[in-house]
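Here are the chains, one letter per residue:
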Amino acid sequence: MLLPGVTTLVRLVASRRESANQRLWETLYRLLDDEQRSTLDVLLEVPDGQRNSQLDKLRRPPLRVSGPAMVDALQRAAEILGLGFAEVDTEVVPPRRLAELSRYGVQGKASLLRRHGDSRRAATLLATVTYLQSRAVDDALDLPDVLISSKLLARAERESAKEKLRTLPKLGKASAKLAAALGVLLEVTGAHDDLAEQAADDSATVEPVSLAQVWAEIEAVVPRSELTEALVAVVELAGPPDSDSDEAWRAVLVKRFATVRPFLPLLCEVIRFGADPDGQRVLAALRDLPRLWGGGRNKVDRSEIDEQLLIGSWRRLVLHAPDLEPGTIDWRAYTFCVLEQFHRCLRRRDIFAVNSSKWGDPRAKLLAGSAWITAKPVVLASLNLPPDPDEHLDERAELLDATFREVTAGLGDNTAVRFDEHGRLHLAALPAEAEPPSLENLLKAARRGMPSS
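Rules and cut-offs
Residues numbered from 1 in each chain as written. Predicted model: local features only at pLDDT ≥ 70, side-chain atom pairs only at ≥ 80, totals over all residues. Heavy atoms only, no water. Core = buried A, V, L, I, M, F, W, Y, C linked by side-chain atoms within 4.5 Å. Buried < 20%, exposed > 50% of the residue type's maximum accessible area, 1.4 Å probe, protein only. Helix = DSSP H or I, 4+ residues; strand = E, 2+ residues; numbered from the N terminus. Expected span 1.5 Å × (residues − 1). Contact = heavy atoms within 4.5 Å. Phe/Tyr/Trp six-rings, centres within 6.5 Å; stacked < 30°, edge-to-face > 60°. Lys NZ or Arg CZ within 6 Å of the ring centre and 35° of its normal.

Visitor: I'd like a rundown of the nonpolar core, residues and numbers included.
Guide: In terms of nonpolar packing, the biggest core is built from 83 residues, with L267, I271 and Y334 touching the most fellow members. Looking at this core, the element that brings in the most residues is helix α7 (residues 118–202), giving 17 residues. A181, V184, V222 and L227 belong to the second-largest nonpolar core, a separate cluster that totals seven residues.

Visitor: An account of helix α1 (residues 6–30) is needed here, citing residue identities and associated values.
Guide: Between the first and last C-alpha of α1 there are 36 Å, a value that for 25 residues agrees with the 36 Å anticipated at 1.5 Å per step. For α1, the set of buried residues is L24, W25 and L28.

Visitor: Lay out the environment of V221 with the relevant residues and their values.
Guide: With respect to the helices, strands and loops of the structure, V221 is situated in the loop between α8 (211–219) and α9 (224–238). Sequence-wise, V221 and A181 are 40 residues apart; in three dimensions their C-alpha atoms are separated by 7.2 Å. Beyond its immediate sequence surroundings of up to four residues, V221 is in contact with A180 and V184.

Visitor: Residue-level account of the packing of aromatic side chains, with values.
Guide: Using the criterion set out here, one finds two aromatic pairs in the structure. Taking 5.3 Å as the distance between ring centres and 80° as the angle between the ring planes, the aromatic pair formed by F257 and W331 counts as edge-to-face. Placement of F257 in helix α11 (residues 257–260) and of W331 in helix α15 (residues 331–348) is noted, with a sequence separation of 74 residues between them. Of the two residues, F257 and W331, neither departs from the other in class, the shared state being buried. Here the aromatic rings of F273 and F342 are separated by 5.5 Å at their centres, their planes lie at 85°, and the arrangement is edge-to-face. Here the residue F273 occupies a position in strand β1 (residues 273–275), and F342 occupies one in helix α15, the gap between them amounting to 69 residues. For the pair formed by F273 and F342, the shared burial category is buried. Its guanidinium or amino end placed over the ring of F257, R332 lies 5.9 Å from that ring's centre, counting from NZ or CZ.

Laid out in structure tokens, this is it:
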């Protein structure tokens, strides 16, 4: 067998690669009309009085996490999507080849891209814009995810925790006074009940304890004025009986409305969202928010909102906020109620962005219809799964139950491990190990070696 020489083989491979690249460029070039090609060429031009091209501007991702940065990210996404290339079907090209071409377009200089031929320049810019369309939507949704998690929710929780710590001494003193008064009440009434039982056995009578006597005993321990102040303090600091642990930080969160107001209308206007049945109600409420507080409105009627979204303490904050007129709501609190649930649904992908690779619908890439019917026998055979899923799930459930019973039976008298009535595992804390002498000697040597000031 005769093999070609190295130089001949290099020329052969290079010519085939060049032919494949040329075919790729021509394929993408033919997907565009003359107007779209002109639009792509304009991206490489540098406007008068500026140093960078339009492409350089669109390639620059957001660098800060804030409300204004969120507005800039949405405006960038709107500008990229507004170029009109979302409907160009680039699926005729393998995704890997398109990604390689877009990588060159994202990293290359505009002056270098201008020197390429028409087909290569248009194909590179089309691949770049296609990549930037999904990347811009991803960036625009990454910012609210971080903004809501770190800047809004986390900050509100920290501030409410600080407020709780600040009020703990006052709450402790007030609770101690109320506990002392209740102790006296229980002691007086308990002693009277004991006397009444003893008198019943001896057929004697015992005078009932009057309210004045009870108050005299209580005021001997805690004055009535101090008891009233303690009661007011406990009610004020502990909150109403139907409150929950989230109400404090949610009330702080409502004060951050100025952070989210600028970008919420743009969020639904720029990004095309979809939702599964669990997220449709939240998405509808999110799209309706700009109407509620748009046009300088100060009052929103209760009939204009979706009350089924008012979970937990949000119902109190939205419907029963101070200084509300009858039949109206606190629309700032309702905005954050919807925004919190939108954030949760977006993370679970109950709500998803249509033009996004990171925040898109994970179910969109699943096989369905005739494609799944064709591939199903091969997939089941490769995974060694039965055609009926119920049979497989029953076997897994029986195996899991048997394993659980085997583990719990082997624990015996081990008190460090236990299962509660819901099947959750609880482990006792491990005792701290004593520091070895070598570590103590090392610490002493390190302290002696450090300067004194």
